[in-house]
Amino acid sequence: MEEPHRGIRALHTASTITVYQAYAPEIGLPAVRDGCFPSAWLRDRMTWIKPSFLWMMYRSNWGTSTGQETVLAVEIARDGFDWALRHACLSSYIRGLHADRSTWQRDLKRAPARVQWDPERDLNLRPLSYRSLQLGLSGEAATRYADEWTLSIRDVTPLAREIRMLVSRGDTASATRLLPQEQRYPASDELLAHLCP
């Protein structure tokens, strides 16, 4: 099946979706241990969640970038994820989608979530022709993410390292088998209409 130019591909169930983040060990390890974000996790700043495992690998360089050494798989409630999409604003102005630039700026300032569509990545972290969603949460959305939507937090750093090792050896077949089985997320056209130019 051909991929849409913009789409949400994710590991999901009927009630949950898995998103990825990467943190320094002093945040990531307590989050895994306790199943919730520690007090060092700042609720008053924007936090970006990524449904695409490979995009998180690109962003964190397989969990080796400074401050991103612990890669987390965060399983959250789909109701919460959908709420964030419903209340999100695109991070950039698109003529024709937004009434005008000043309206978009006002909406962006007020929105508790924002969306970027960035090129999806392959196993070598090269950009693909289609885009995946990155979802930024702030204010009410960040608080709900941490306190209501998060159901479990797993450390997938060892998985990232194993896949990276296989890719470096040229064993892409084995690396592919280890990837999370992401499928198209069933977001309705109505839910994404204000986010898809």
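The coordinates are above.
What this report covers is the structure whose coordinates are included nearby. These figures come from a predicted structure and were not determined experimentally. (Residues numbered from 1 in each chain as written. Predicted model: local features only at pLDDT ≥ 70, side-chain atom pairs only at ≥ 80, totals over all residues. Heavy atoms only, no water.)

A few words on the environment of Ser152. As for its position among the elements, Ser152 is in strand S9 (residues 150-155). On the basis of relative accessible area, Ser152 is assigned to the partly exposed category, the value being 23%. Counting along the chain gives 118 residues from Ser152 to Asp34, while the straight-line C-alpha distance between them is 9.3 Å. Leave out the neighbours within four places in its chain, and Ser152 touches Ala73, Val74 and Glu75. (Helix = DSSP H or I, 4+ residues; strand = E, 2+ residues; numbered from the N terminus. Buried < 20%, exposed > 50% of the residue type's maximum accessible area, 1.4 Å probe, protein only. Contact = heavy atoms within 4.5 Å.)

To continue, consider the packing of aromatic side chains. Aromatic ring pairs: the centre-centre distance and the angle between the two ring planes describe each pair. Counted under the stated rule, the structure contains nine aromatic pairs. Judged by centre distance (6.2 Å) and plane angle (45°), the ring pair of Trp41 and Tyr145 falls under tilted. Here Trp41 is found in the loop between helix H1 (25-34) and strand S4 (47-49), whereas its partner Tyr145 is found in helix H5 (residues 139-149), with 104 residues between them in sequence. You'll find Trp41 and Tyr145 in the same group, each marked buried. Taken together, the aromatic side chains of Tyr23, Phe37, Trp41 and Tyr145 make up a single cluster linked through ring pairs. In this structure, Arg121 is placed above the aromatic ring of Tyr58, and the distance from its NZ or CZ to the ring centre is 3.6 Å. Above the ring of Trp83, the side-chain terminus of Arg144 is found at 4.5 Å from the ring centroid. (Phe/Tyr/Trp six-rings, centres within 6.5 Å; stacked < 30°, edge-to-face > 60°. Lys NZ or Arg CZ within 6 Å of the ring centre and 35° of its normal.)

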